[in-house]
Amino acid sequence: MTPDSKLLIVVSLAFLPALSVRADGPFEPPDVKGVGIEQQLNGQVPVDTAFRDEAGNSVPLRKYLNGKPVVLAPVYYTCPMLCSEVLNGTASSLKPVKFDVGKEFNVVTISIDPKDTPGLAMSKKKMMMARYGRHGADLGWHFLTGDKENIDAVAKAVGWRYTYDPRSGQYAHASAIMLLTPEGKVSRYFYGIEYSAKDIQFGIMDASQNKIGSLNDQIALYCYHYDRATGKYGVAVMRLVRLAGLLTIALIGGFIIVAVRREGDKKV
């Protein structure tokens, strides 16, 4: 199955509840033309766009790029199926990650529906805080609403194409989350509704320009490379060979130094 066919299946899931009640006429599939993701790696997100936070305050997007990478999750809060799966998958995938939301990185959820309210945003936030379950996450995971102009500006910047279907009253969209650098540039894409904790952890380290993570983390990241087609990290064989070679040289060098010192002690 190709990535495109997987994408269309995921998109179609959002319409199952609406289509199941259309028994009064012929089946009409939702219009998903133009829906999808066009990667904009290293593209700049408009950080001065204004949104409303869960309390209804007007805030610029740059407020959440306060020197930390950001996981960006575009959804809408009245979505009957797919968006909840994206958010649940995000929370579940972040649990095993060694970094904490609100400390090493932030999460920003933006509704694509201009009719969504801060009240709906707050309800979603409470559910996700309970699911993620780490203390202090409420200070780093934000649920925003806004007008169509600013929503579209962010969606366009990350290449996340969606459309409104008037027959069902729902939005057709793909399912994915993105990683932004502290400057608001697109760093990584993760597709589907379930995400690898390893991939997200490596992605956060990449987005931070290697400012996050221990030496062991950095060595592990060196041995993997990001595949933009799949949104996953895989073993970089040549890097692994180089690392093994360096370790072998270091061990041989250490053995020689120890041997020379012992020989010198014998002469004394």
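Residues numbered from 1 in each chain as written. Predicted model: local features only at pLDDT ≥ 70, side-chain atom pairs only at ≥ 80, totals over all residues. Heavy atoms only, no water.

Here's the deal with the sheet that holds strand β10 (residues 176-180)
In plain terms, the rule: For two strands to pair, DSSP has to find at least two bridges joining them. Secondary structure elements follow DSSP: runs of H or I of four or more residues count as helices, runs of E of two or more count as strands, with numbering from the N terminus. Helix axes use the C-alpha atoms of the stretch in contact, all axes being lines fitted to C-alpha atoms, and the angles between their N-to-C directions lie in the range 0 to 180 degrees. We call two residues in contact whenever any of their non-hydrogen atoms come within 4.5 Å of each other.
The five strands lie next to each other as β6-β5-β4-β10-β11, forming an open sheet whose pairing is mixed. The sheet is open, and its two borders are formed by β6 (141-144) and β11 (186-191), each paired with just one other strand. Strand after strand, the sheet turns through a mean of 20 degrees between neighbouring axes, direction not considered. Examined bridge by bridge, strand β4 (residues 70-75) and strand β5 (residues 106-111) share six bridges and lie parallel to one another. What sits directly across from L72, in β5, is V108. Helix-sheet contacts for helix α3 (residues 82-94) involve β4, β5, β6 and β10, and the interaxial angle to β6 is about 170 degrees.

Points about the pairing of β5
Basically, it comes down to this: Burial here depends on accessible area, computed with a 1.4 Å probe over protein chains only, as a share of the maximum for the residue type. Under 20% is buried, over 50% is exposed, and the range in between is partly exposed. With the strands pointing away from the viewer, any crossover whose connection runs clockwise from the first strand over the helix to the second is right-handed.
Summarising burial for β5: six of the six residues are buried, a large majority. What you see with β5 is no split at all: N106, V108 and I110 on one side and V107, T109 and S111 on the other are buried throughout. Traced from β4 through α3 to β5, the parallel crossover comes out right-handed. Two strands pair when backbone bridges link them, and β5 and β6 are joined in this way by four bridges, in the parallel orientation. Bridge assignment links I110 to a residue of β6, and that residue is L144. Remark: the β5/helix α4 (residues 118-132)/β6 crossover connection has right-handed handedness.

Regarding the environment of G231
Residue position: G231 is located in the loop between β12 (224-227) and β13 (232-235). The spacing of G231 and A176 is 55 residues in sequence and 9.6 Å in space, taken between C-alpha atoms. Those residues in contact with G231, other than ones at most four positions away along the chain, are Y189, F190, Y191, D199 and Y226.

Side note on α3
Convention followed: A helix is expected to span 1.5 Å multiplied by its residue count minus one.
With 13 residues, α3 should reach 18 Å at 1.5 Å per residue; the first-to-last C-alpha distance of 18 Å fits that figure. α3 sits mainly inside the fold: 10 of its 13 residues count as buried.

Everything listed here is a matter of geometry and, on its own, says nothing about what the molecule does.
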